[in-house]
Structures are given as structure tokens and as C-alpha cells.
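Structure at a glance
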Amino acid sequence: MDLSCISYRMSIVIGPSVNMLASRVASRLNSELIHIEYKIFPDGESYIRYIDDVKGKNLVIIHSCDAPQDKRWMELFFMVKTAKDLGCGRLTAIVPYFGYSRQDRRILHGEAVGSEVIIRLLEAVGVDYFMTFDIHNVSTLSHFKIKAQELSAIPSMGEYLLHLNLNEPFVMTPDDEAPWRAEKVAEIISGDWGYLKKDRDPVTGEITTYFKELPVRDRDVVIVDDVISTGKTMLNAIRIVREQGARNIYVICVFPLLSEDSAKEIFRAGAKAIYGTDCVESKFSVISVAPIIADALEKWDIS
Ligand code: R5P
């Protein structure tokens, strides 16, 4: 049977990253899955090939760009441009983790603003719509000329914590960049909230977190962040609340990048658990954002 004439509402492309998340979204939407063959040549170059036909189909590519970021972005550009060459319909790129989003401004003279470069490339290869989660700086999205939307995993993270029945929870962020995250989670789990203040040296990357008295004694403390990468931000915050008599300390983030031994160190510092979402795949990705993506796609009506 020639399937090329059938018009699908939307088909989900399973890329090389976040396969589980893409499958979960497809099954929620009852969408067709488009499979890709991908490999890396001996010299390190990426290769992709569409196995299923995409002609005339509205595609949703779900692909996170965490490490190795450069390779992940290149795979996405290949997937988008190739699908367009093959005559797909409208193409939505969902990049749950927007690698390079932390390079959102020029701090030192002469620095590249990585996130803007990525945006220009996404548009150049032919993305029609773009979605991402909890982007480091929401004003980054204003650089898009195409329709771009930020989704948030924070409410789902709050709902996940509800099941833990925490004792007099105190929710906090480890810095003052987005204290609203603590406020939102605290609202869901009926807790109090607060935040710390930190500085990062733009040259050495060294992090200084300033001591602050917080009402954490004998309480369950939740430290919420968007990204945990080296874990240094989280470690400083854990030490400050432990010193003040916190009972149990739970660490929760949208993107558990957790490079090197950061998870081990976080546990060693006294955290009881680390929870993350499947925006990136890791053994801590216990909260799925698939319902949020499925909902957003239905509301966008990109069929
Ligand atoms: C702020 O800069 C972010 O919200 C995170 O706190 C930060 O990126 C975490 O990085 P790391 O784990 O390397 O300290």
C-alpha cells in the first residue's frame, strides 16, 4: 500500500536522544513514529537517514541537545533539513534541553552568544515551530523569528513531590535567578519558600554562595533548580541548609545533566534523593514531561 498519499495529523520523529520521551509522546497522541538510522563515522562525523517516509507529513522532532551538545545540534539540523528536502509538511522541533541556552549574553568582550547562533541555524534549516522547556533566560526566545514557545516542567515536579508527603516542607532555589520556581513548587506542596544568592566568576567559573539564615531546622528541604551540571551550585546550597539543621534534603531539577561525579558528591553532601525529568535521559529522570508536550501539541493545532 502506498502510504505517501495519507495525510497524518502529526508524526513523531524518534531522534538519537530522548527516545523514551518521544515514544511516550507518540503513544499519548496515538501518532505514527518515524524512525531514523543514525551512526557516527570513524572520523567522528554524524550520519542520519530517514527509514520511514515523511513526504507530506507534519513532523514533530523531539530531540534534546545535552552532551555531546555540538553533535546533538548537528543531528537535529540534519534531521530538519533532510525532512524538508524529502517534502515533509510543517515541522516542529521540540528541544526539551536547549544546549547553549546558558550562553545567552556576552559577558566578556569578544565572547560568542551561543544561543543566538543556534537560533539562526534552526531557522536556516527550515524549522517552522519551536518548543523547549524551562529555558535559562526566557528573553532568548525573543530572538526567534518563527513561533517559539517555552513549556515548564516545574508544576509536574511539584506534583511529583506531593507523593512524598514531606514534613513541613521548605522549598528553595540555590540562587536568586528564578526564585519563582521555589514559590511555584511550594504552592503545590503547601510549603514555605526562599532562595540563596550566588555569584559565578565569569573567568574561572568558581561559584560563591552567600550564607543566609533560613527557617529549615528539622524540616524537609527541597532545593529546586533548572540544571544540575557540575553540581557545585547544589553542593553549596546543601551545605548551607545542612549547617542550619535541615532534616531531609531533596534535590530536584528539570535537567539532570550531572556531569562526572556530581551525583555522588550531592549524595555525599547529604541529599536524600535527586529527582529529574525525562527532558534529558539519566537514571534520575523519574518525572515525565510527555503529558506536557502532548497537551501543548494538541493546543497548538499544527495539523
Ligand atoms: C544557574 O546558573 C543555573 O540555574 C544552575 O544553577 C547552574 O547552571 C548549575 O550549574 P552547576 O551544577 O554547574 O553549578
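Residues numbered from 1 in each chain as written. Predicted model: local features only at pLDDT ≥ 70, side-chain atom pairs only at ≥ 80, totals over all residues. Heavy atoms only, no water.

**Looking at the pattern of salt bridges**
Two side chains carrying opposite charge are able to pair once their charged atoms lie near each other. Filter applied, for reference: Any carboxyl oxygen of Asp or Glu within 4 Å of a side-chain nitrogen of Lys or Arg constitutes a salt bridge here. Only DSSP runs of H or I with at least four residues qualify as helices, and only runs of E with at least two residues qualify as strands; both kinds are numbered from the N terminus onward. Only protein chains enter the accessibility calculation, which uses a 1.4 Å probe. A residue is then buried if its area is under 20% of the maximum for its type, exposed if over 50%, and partly exposed in between.
Summed over all chains, the structure comprises 16 salt bridges. Between Asp 192 and Arg 219 there is a salt bridge, with the nearest N and O atoms lying 2.6 Å from each other. Remark: Arg 219 occurs in the loop between β11 (207-210) and β12 (221-228) and Asp 192 occurs in strand β9 (residues 192-195); sequence separation between them is 27 residues. On the accessibility criterion, Asp 192 (39% relative accessible area) is partly exposed.

**Side note on the sheet that holds strand β14 (residues 271-277)**
Working definition: the strands of a sheet are paired by backbone hydrogen bonds and lie parallel or antiparallel to each other. Formally: A pair of strands is treated as paired once DSSP finds two or more bridges between them. Between N-to-C directions, angles cover 0 to 180 degrees, with each direction set by a line fitted to C-alpha atoms, over the stretch in contact for helices. Note on contacts: a residue pair qualifies if any of its non-hydrogen atoms lie within 4.5 Å across the two residues.
The strand order β9-β8-β12-β13-β14-β15 describes an open sheet built from 6 strands, whose pairing is parallel. If you trace the sheet from one side to the other, it starts and ends with β9 and β15 (285-287), each paired once. If you compare each strand with its neighbour and ignore which way they point, the axes differ by 35 degrees on average. Contacting β8 (170-173), β9 and β12, helix α5 (residues 180-189) crosses the sheet at an angle of about 160 degrees to β8. Along the sheet, helix α6 (residues 232-243) makes contact with β8, β12, β13 (249-256) and β14, crossing β12 at roughly 170 degrees.

**Considerations on the pairing of strand β4 (residues 59-62)**
Both faces of β4 are covered, namely the face carrying Leu 59 and Ile 61 and the face carrying Val 60 and Ile 62. In the sheet, β4 pairs with strand β5 (residues 91-95) via 4 bridges, with the strands oriented parallel. Following the sheet pairing, Leu 59 is matched in β5 by Leu 91.

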